[in-house]
Amino acid sequence: SERKYPYYWSVLGGKFVRHPKQQKFTVRVVDPKHPAMKDLPATFEWTDECYYLDNINPAIKPLLVTDPAKLDDPQKATYPGDRFGDALPLAWYQKFDGGRQFYTSLGHVGEFEQEAFNVLLRNAVYWAAGLELRSEEHPHSKVVPIAGRVLLDGKPLAGAAITFVPQEPEFR
């Protein structure tokens, strides 16, 4: 994935190095107030690969982490070592070069059937697009339900809707 392009690393938030085998681990939400984390449990179990990155963009703000010391990885002394302490980032956000980026390394093994993953993707897409998830805070907003193929095998996500908030348009 574009391992030779430093600009891409900055947009993504880092450069892929390697990953240990797929395995079960605990995911922790570290910024529960971020809109992408809405309705996620504080911790949950996951089976996946944990990506190790270097050239981490210092602008990233981790949202989901795991403890790399608890991963089964015979090579972890070489990399990542103790670079991440007990908080290896699995998902983060940043504002970079005029846009909003959300990244997650989760999503390799049938997670599309898990509610937590769908909630995460839905919330992240709304946040990255600058859209509101709820209309209660904006009494003059218009909620438009999403129907049809949305992220999950042609099934609509439960309760998915876009809220349009009346405001002056911003042109960039």
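Scroll up to find the structure this text is about.
Draft legend 1. Quick look at the environment of Lys24. Relative to the elements of secondary structure, Lys24 occurs in strand S2 (residues 23–29). Accessibility expressed as a relative area gives 59% for Lys24, which makes it exposed. Note: C-alpha distance between Lys24 and Asp72 (48 residues apart in sequence) is 9.5 Å. Discounting chain neighbours no more than four positions away, the residues touching Lys24 are Glu45, Trp46 and Thr47.

Draft legend 2. Main features of the side chain of Gln23. As for its placement among the helices and strands, Gln23 is situated in strand S2. By relative accessible area, Gln23 is classed as buried at 11%. In terms of polar contacts, Gln23 uses its side chain to reach the backbone amide nitrogen of Asp72, at 2.7 Å. Setting aside its immediate chain neighbours within four residues, Gln23 contacts Trp46, Thr47, Asp48, Leu71 and Asp72.

Draft legend 3. Region of interest: helix H2 (residues 115–129). When the terminal C-alpha atoms of H2 are compared, their 21 Å separation across 15 residues agrees well with the 21 Å that a helix rising 1.5 Å per residue should span. Those residues of H2 that fall on the buried side of the exposure criterion are Phe117, Asn118, Val119, Leu120, Leu121, Arg122, Asn123, Ala124, Tyr126 and Trp127. Backbone geometry just after H2 places Gly130 at a positive phi near 75 degrees.

Draft legend 4. Focus on the pattern of salt bridges. Applying the stated criterion to the full structure yields four salt bridges. Of the charged contacts in the structure, one is a salt bridge between Arg18 and Asp73, with a shortest N-O distance of 2.7 Å. Separated by 55 residues along the polypeptide, Arg18 in strand S1 (residues 15–18) and Asp73 in the loop between strand S5 (61–66) and strand S6 (88–96) bring together distant segments of the chain. Judged by relative accessible area, which is 7%, Asp73 ranks as buried. Ionic pairing is found between Lys38 and Asp39, a salt bridge with its closest N-O pair at 3.7 Å. Classification of Lys38 as partly exposed rests on a relative accessible area of 25%.

Draft legend 5. The nonpolar core, seen in detail. In this structure, Phe25, Val27, Met37, Trp46, Leu64, Leu90 and Leu106 are the most contacted members of the largest nonpolar core, which totals 26 residues. Within the residue set of this core, elements represented by two or more residues are S2, strand S3 (43–48), S5, S6 and H2. With six residues, the top contributor of residues to this core is H2. Setting aside residues up to four positions removed in sequence, Val27 forms contacts with Ala42, Thr43, Phe44, Trp46, Leu64, Val65 and Leu90. With five residues, the next largest nonpolar core counts Leu12, Leu53, Ile60 and Trp92 among its residues.

Draft legend 6. Local environment of the pairing of strand S7 (residues 99–104). Across six bridges, S6 lies against S7 in antiparallel orientation. For Lys95, the partnering residue across the bridge sits in S7 and is Arg100. Connecting the antiparallel pair S6 and S7 is a turn made up of two residues, with Asp97 showing a positive phi of about 50 degrees.

Draft legend 7. Molecular detail of the packing of aromatic side chains. This model, assessed by the stated rule, comprises seven aromatic pairs. Ring centres of Tyr7 and Phe96 lie 5.8 Å apart, and the angle between their planes is 50 degrees; this geometry places the pair in the tilted category. Note that Tyr7 is positioned in helix H1 (residues 6–12) and Phe96 in strand S6, a separation of 89 residues in sequence. Between the aromatic rings of Phe16 and Tyr51, the centroid separation amounts to 4.8 Å while the plane-to-plane angle is 65 degrees, which identifies the pairing as edge-to-face. Residue Phe16 is located in strand S1, and its partner Tyr51 is located in the loop between S3 and strand S4 (52–54); the two are separated by 35 residues in the primary sequence. Three or more aromatic residues joined by ring pairs make a cluster, and in this case those are Phe44, Trp46 and Phe117.

Criteria and thresholds
Along each chain, residues carry numbers from 1 onward, in the same order as the chain's sequence is written. Per-residue local features of the predicted model are confined to residues with pLDDT of at least 70, and side-chain atom pairs are confined, for both listing and counting, to 80 or more; whole-chain, interface and lining totals are unaffected and use all residues. As a rule here, side-chain values cover all heavy atoms of the structure and leave hydrogens and water aside. Runs of E in the DSSP output that reach at least two residues are strands. Runs of H or I that reach at least four are helices, and both are numbered from the N terminus. Here's how the labels work: a residue is buried when its accessible area is under 20% of the maximum for its type, exposed when over 50%, partly exposed in between, all with a 1.4 Å probe on protein chains only. Any pair of residues with heavy atoms lying within 4.5 Å of one another is described as a contacting pair. Polar contacts, as counted here, are pairs of nitrogen or oxygen atoms within 3.5 Å of one another; within protein the pair requires one atom able to donate a hydrogen and one able to accept it, and residues that are adjacent in sequence qualify only if both atoms are side-chain atoms. Working rule for helices: expected span equals 1.5 Å times residues minus one. Basic side-chain nitrogens of Lys or Arg form a salt bridge, by our definition, when they fall within 4 Å of a carboxyl oxygen of Asp or Glu. Side-chain atoms within 4.5 Å link the members of a nonpolar core, which is a set of buried Ala, Val, Leu, Ile, Met, Phe, Trp, Tyr and Cys residues. Paired strands, in this sense, are two strands between which DSSP finds at least two bridges. Pairing of aromatic side chains requires ring centres within 6.5 Å, counting the rings of Phe and Tyr and the six-membered ring of Trp. Pairs whose planes differ by under 30 degrees are stacked, by over 60 edge-to-face, and all others tilted.

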